[in-house]
Amino acid sequence: MTTYPADLDPELLKRLVESGGGSLTKKMGIEFVELGAARSVARMPVEGNTQVVGLLHGGAHVVLGESLGSLSSAIHAGPGRYAVGIEINATHSRSITEGWVTGTCTAISLGRTLATHEIVMTDESGRRLSTVRMTNMLLSRD
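Parameters and conventions
Along every chain, residues carry numbers that run from 1 in the direction the sequence is written. Residues qualify for local features only when their pLDDT is at least 70, as the model is predicted, and side-chain atom pairs are given and counted only at 80 or more; totals for whole chains, interfaces and linings, by contrast, use all residues. Water and hydrogen atoms play no part in the side-chain values, which are based on all heavy atoms of the structure. Strands are runs of DSSP state E lasting at least 2 residues, helices are runs of H or I lasting at least 4, and numbering of each runs from the N terminus. The size measure is the radius of gyration over C-alpha atoms, and the globule rule it meets is 2.2 Å times the number of residues to the 0.38 power. The buried label applies to any residue whose accessible area, calculated with a 1.4 Å probe on protein chains only, is under 20% of its type's maximum; exposed applies above 50%, and partly exposed to all values in between. Here the open area of atoms and residues is found with the Shrake-Rupley method and a 1.4 Å probe, where only the protein chains shown may cover a residue. Charged-residue counts in this description rest on Lys and Arg as positive and Asp and Glu as negative, His and the chain ends being excluded. By convention, the point assigned to a charge is CZ for Arg, NZ for Lys, CD for Glu and CG for Asp. Whether two strands pair comes down to DSSP finding at least two bridges between them. The axes are straight lines fitted to the C-alpha atoms, using for helices just the contacting stretch, and the angles between their N-to-C directions are given from 0 to 180°. The contact criterion used is simple: two residues touch if any of their non-hydrogen atoms lie within 4.5 Å. Stacked, tilted and edge-to-face are the three classes assigned to paired rings of Phe, Tyr and Trp, where Trp is represented by its six-membered ring and a pair needs centres within 6.5 Å; plane angles under 30 degrees give stacked, over 60 edge-to-face, the rest tilted. We call a charge positioned over a ring when the NZ of a Lys or the CZ of an Arg lies within 6 Å of the ring centre and within 35 degrees of the ring normal. Throughout this description, the term salt bridge denotes a Lys or Arg side-chain nitrogen within 4 Å of a carboxyl oxygen of Asp or Glu. What is meant by a nonpolar core is a set of buried Ala, Val, Leu, Ile, Met, Phe, Trp, Tyr and Cys residues, joined one to another through side-chain atoms within 4.5 Å.

Student: I keep staring at the overall build of the protein chain and nothing clicks. Help me out?
Tutor: For the protein chain, the helix and strand inventory stands at 3 helices and 6 strands. Since a compact globule built from 142 residues should have a radius of gyration of about 14 Å, the 15 Å found for the protein chain is in line with a globular shape. Expressed along its principal axes, the backbone C-alpha trace of the protein chain runs to roughly 45 × 25 × 25 Å. Buried residues in the protein chain amount to 38% of all 142 residues. Surface summary for the protein chain: the accessible area is close to 7500 Å², and the carbon and sulfur share equals 52%. A gap of 3 Å separates the mean positions of the 13 positive and 14 negative side-chain charges of the protein chain.

Student: I'm lost on the sheet that holds strand 2 (residues 39-45) in this one. Help?
Tutor: Either a parallel or an antiparallel arrangement is found when strands of a sheet pair, and the pairing is made through backbone hydrogen bonds. Spatially, 6 strands are ordered 1-2-4-5-6-3 in an open sheet, and the strand pairing comes out antiparallel. Strands with a single pairing partner mark the edges of an open sheet, and in this sheet they are strand 1 (31-34) and strand 3 (81-92). Adjacent strand axes in the sheet meet at a mean angle of 25° when their direction is disregarded. Examined bridge by bridge, strand 2 and strand 4 (residues 100-110) share 7 bridges and lie antiparallel to one another. Looking at strand 4, one finds that Pro45 is bridged to Trp100. Contacts from helix 3 (residues 58-77) reach strand 1, strand 2, strand 3, strand 4, strand 5 (114-122) and strand 6 (128-140) within the one sheet, and its direction differs from that of strand 6 by about 35°.

Student: Would you mind showing me how to read the pairing of strand 1 here?
Tutor: Side chains on a regular strand alternate between the two faces of the sheet. Pairing analysis gives 3 bridges linking strand 1 to strand 2, with the strands arranged antiparallel. What sits directly across from Glu34, in strand 2, is Val41.

Student: Can you walk me through the packing of aromatic side chains in this structure?
Tutor: Any aromatic ring pair is given by two values, namely how distant the centres are and how the planes are angled relative to each other. Under the defined criterion, the tally for this structure stands at 0 aromatic pairs. It is Arg43 that lies over the ring of Trp100; its NZ or CZ is 3.6 Å from the centre.

Student: Hey, could you run me through the environment of Gly80 in this one?
Tutor: Summarising the element assignment, Gly80 is placed in the loop between helix 3 and strand 3. Gly80 sits in the partly exposed class, given a relative accessible area of 31%. Placed 39 residues apart in sequence, Gly80 and Ile119 show a C-alpha to C-alpha distance of 25 Å. Contact partners of Gly80, with chain neighbours within four places excluded, come to Asp9, Leu139, Ser140 and Arg141.

Student: Is there a simple way to think about the pattern of salt bridges in this case?
Tutor: Two side chains that carry opposite charge are able to pair once their charged atoms sit near each other. In this structure the tally under the stated criterion is 7 salt bridges. Where Glu11 meets Arg15, a salt bridge forms, and the shortest distance between an N and an O atom there is 2.9 Å. Of this pair, Glu11 and Arg15 both sit in helix 1 (residues 10-19), separated by 4 residues, roughly a single helical turn. As a salt-bridge pair, Arg39 and Glu34 come within 2.7 Å of each other at their nearest N and O atoms. Each of Glu11, Arg15 and Arg141 takes part in salt bridges that share partners, so that together they form one network.

Student: Even after reading the chapter, I still don't get the nonpolar core, so can you show me in this structure?
Tutor: If you look at soluble globular proteins, the nonpolar side chains tend to sit buried side by side. If you look at the biggest cluster of nonpolar residues, it comprises 27 residues, and the most contacted ones within it are Ile30, Leu64 and Val101. If you list the elements that add at least two residues to this core, you get helix 1, strand 2, helix 3, strand 4, strand 5 and strand 6. Ranked by the residues each element gives to this core, the list is headed by helix 3, at 7 residues. Once you skip the residues sitting within four places of it in the chain, Ile30 turns out to touch Thr25, Ala42, Arg43, Met44, Val63, Leu64 and Ser67.

Structural data, given as structure tokens:
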């Protein structure tokens, strides 16, 4: 069950519930645990998201990170605004072949026009697997 902030834009909440976070997140088995502008958490299975030698694909780390960073930025943007990614990078520190990965997204800067988050992926023992940093531009729907 996902925890949402009390002041979440009703339109964004409706889109999240109806889409399950989007088709790619559903394909990858990503489960949102907690969503907020300053902190969000999600988890993803290794199974089904590996590369040819059986390791979790580096791109899967980035998808988990971008999913969290984008949603956190959209929540921060608020009603009538939306977030678009303008920069993302990842550093992979450790590999994993089974189990679950948890992504914890923490705001670095929440401004009027930009939001930057750091997303740390860990294994079930709490060991850091990768670090993603993402910046989103916040735009008006008008």
